[in-house]
Amino acid sequence: MHATEFTTSAREEPDYRFAAVVAGLGTCLPRAEITNSWFADRLDTSDDWIRARTGIAARRRAGPDVSMTDLACAAADAALRSAGRTKVDALVLATTTPDRPCPAAAPEVAERIGQGGIPAFDVSAVCSGFLYAVATATGLLSAGLANSVLVTAAETYSRIVDPDDRSTAVLFGDGAGAVVLRRGHAWEQGALLGFDLGSDGASWDAIHVPGEREQPDGERWFTMRGRTVYLRAIERMTTSARKVMKDCAWGPDTIEALVAHQANARIIEAVAHRLGVPSEAALCEIALVGNTAAASIPLALADALDGGRLKPGFRTLLTAFGGGLTWGSAALTWPQVTPVRSEL
Ligand code: ACO
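The numbering scheme is per chain: residues are counted from 1 as the chain's sequence reads. With pLDDT at 70 or above as the cut-off, local features in this predicted model cover only qualifying residues; side-chain atom pairs require 80 or more to be listed or tallied, and sums for whole chains, interfaces and linings still use all residues. Where side-chain values are given, they derive from all heavy atoms of the structure, hydrogens and water being excluded.

A. Seen up close, the side chain of Thr27. Looking at where Thr27 falls in the secondary structure, it is placed in strand 1 (residues 18-29). Burial classification: accessible surface area is computed with a 1.4 Å probe over protein chains only, and a residue below 20% of its type maximum counts as buried, one above 50% as exposed, and the rest as partly exposed. Here Thr27 falls in the buried class, since its relative accessible area comes to 1%. Note on contacts: a residue pair qualifies if any of its non-hydrogen atoms lie within 4.5 Å across the two residues. Discounting chain neighbours no more than four positions away, the residues touching Thr27 are Ala75, Ala78, Ala176, Gly177, Pro298, Leu299, Ala302, Val340, Arg341 and Ser342. Only DSSP runs of H or I with at least four residues qualify as helices, and only runs of E with at least two residues qualify as strands; both kinds are numbered from the N terminus onward.

B. Here's a closer look at the site of the ligand. Residues in contact with the ligand amount to 29 residues; listed here are only the nearest, Thr45, Cys127, Arg227, Asn264 and Arg266. Between Gly226 and the ligand, the recorded distance is 3.0 Å, taken from a backbone N or O atom to an oxygen atom. In protein, a polar contact means a hydrogen-donor-capable atom and an acceptor-capable atom, both N or O and within 3.5 Å, with residues adjacent in sequence counting only if both atoms are side-chain atoms; elsewhere, any N or O pair within 3.5 Å suffices. A distance of 3.0 Å is found between an oxygen atom of the ligand and a backbone nitrogen or oxygen belonging to Gly323. Bound to the protein, the ligand loses 76% of the 1,000 Å² it would expose on its own. Secondary-structure elements contributing two or more residues to the shell around the ligand are helix 2 (47-54), helix 6 (166-169), helix 7 (226-248), helix 8 (265-275) and strand 12 (315-322). At four residues, the largest contribution of residues to the shell around the ligand is made by helix 7. What makes a residue near a molecule or strand is one non-hydrogen atom of that residue sitting within 4 Å of it. Areas reported as accessible are Shrake-Rupley estimates using a 1.4 Å probe. Residue values count occlusion only from the protein chains shown.

C. Focus on helix 8. Taken residue by residue, helix 8 has Ala265, Ile267, Ile268, Ala270, Val271, Ala272 and Leu275 as its buried positions. If you check the start of helix 8, you find a side-chain oxygen 2.8 Å away from the backbone N of Arg266, and it comes from Asn264. Gly276 sits one or two residues past helix 8 and shows a positive phi near 80 degrees.

D. Region of interest: the nonpolar core. If you look at the biggest cluster of nonpolar residues, it comprises 51 residues, and the most contacted ones within it are Tyr157, Leu258, Leu275 and Leu317. Where this core is concerned, the elements lending two or more residues are strand 1, helix 7, strand 11 (257-260), helix 8, strand 12 and strand 13 (326-333). Top element by residues in this core is helix 7. It accounts for nine residues. Every residue in contact with Leu258, bar those within four places of it in the chain, is listed here: Val271, Ala272, Leu275, Val277, Ala281, Ala282, Leu283, Leu317 and Thr319. In this structure, Leu140, Leu181, Leu301 and Leu332 belong to the second largest nonpolar core, which totals 45 residues. The nonpolar core is taken to be a set of buried Ala, Val, Leu, Ile, Met, Phe, Trp, Tyr and Cys residues, with the residues joined through side-chain atoms within 4.5 Å.

The structure is reproduced here in structure tokens:
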């Protein structure tokens, strides 16, 4: 079925609500590639184990002179070029690996990409950060506070992951992705049609970096209860995506692209299977970048577009899960937008 056709009576009438519409997509990856063999030479792990258990073959790592803010600026600038715009009204940055705890990085990003003076702030929702930031930007657009918002997600997990811990070091990569959202209408291609967001603070310690009070001495590295997170990620992304599909009246077999948070190829397969989405629609773009946390969905969108696995008009379902715990989902028909890529 063509993505712009609606299937139920709820969608038969044109929908004149204001909506956020995707108008541009940009990415930035650090140039240095770290392969699985690099880890196998240093840790008790192997290329076979990493590929089989995660689907990851390589990831990018920011050099000492490249910061999270640098990656965010480059991706944001690329998204502006993709949208053919020179100005936006607000900037929301999703990250959990800021270069410094205070202040937020978004005002600096706005200044450095020639948008100084606009409202700019960070959103911290770990791997769900991009969808939380998109939902926040949608609120700014629908409330009439902005006509266009730049949403950027940038991460440098290589700075918070213990390089000697095989259970986390092999999983993460650095990178950034960004979208320009403009105020438009729900019937337009690229309009975000539904959202679901949630959190479970009782399980905050399943994924965390210890604070000074928890660990006064020694290095404070990222820790994750891998198996617990694996199961929760499948459960929460499935439930959340299902809710958005119901709200949009999209049946599983009408989904043409499922872009789930790229943490593990097996998680993506399991979510698609539980949702009943065709396996060819479950886009797995993890092999060359690993888990880039908040940046994973915009990076996956760009890779899938470049590889022809995502096309304009596709009914696209986005879903993410991460520390907090947090999760979120959104739906859109993919618009006629060409990604602009950059490297640092
Ligand atoms: N190489 C070899 N063996 C390893 C490695 C490695 N790199 N890492 C772990 N192992 C071992 C473990 O020590 C364990 O050994 P044991 O049985 O002797 O104790 C064995 O492999 C199995 O460990 P599991 O954790 O059960 O392995 P699993 O199949 O679950 O895969 C993984 C581990 C990849 C971490 C998986 O649990 C996973 O993907 N979890 C979810 C990650 C995720 O979704 N994150 C999203 C949020 S991240 C964020 O928000 C920032």
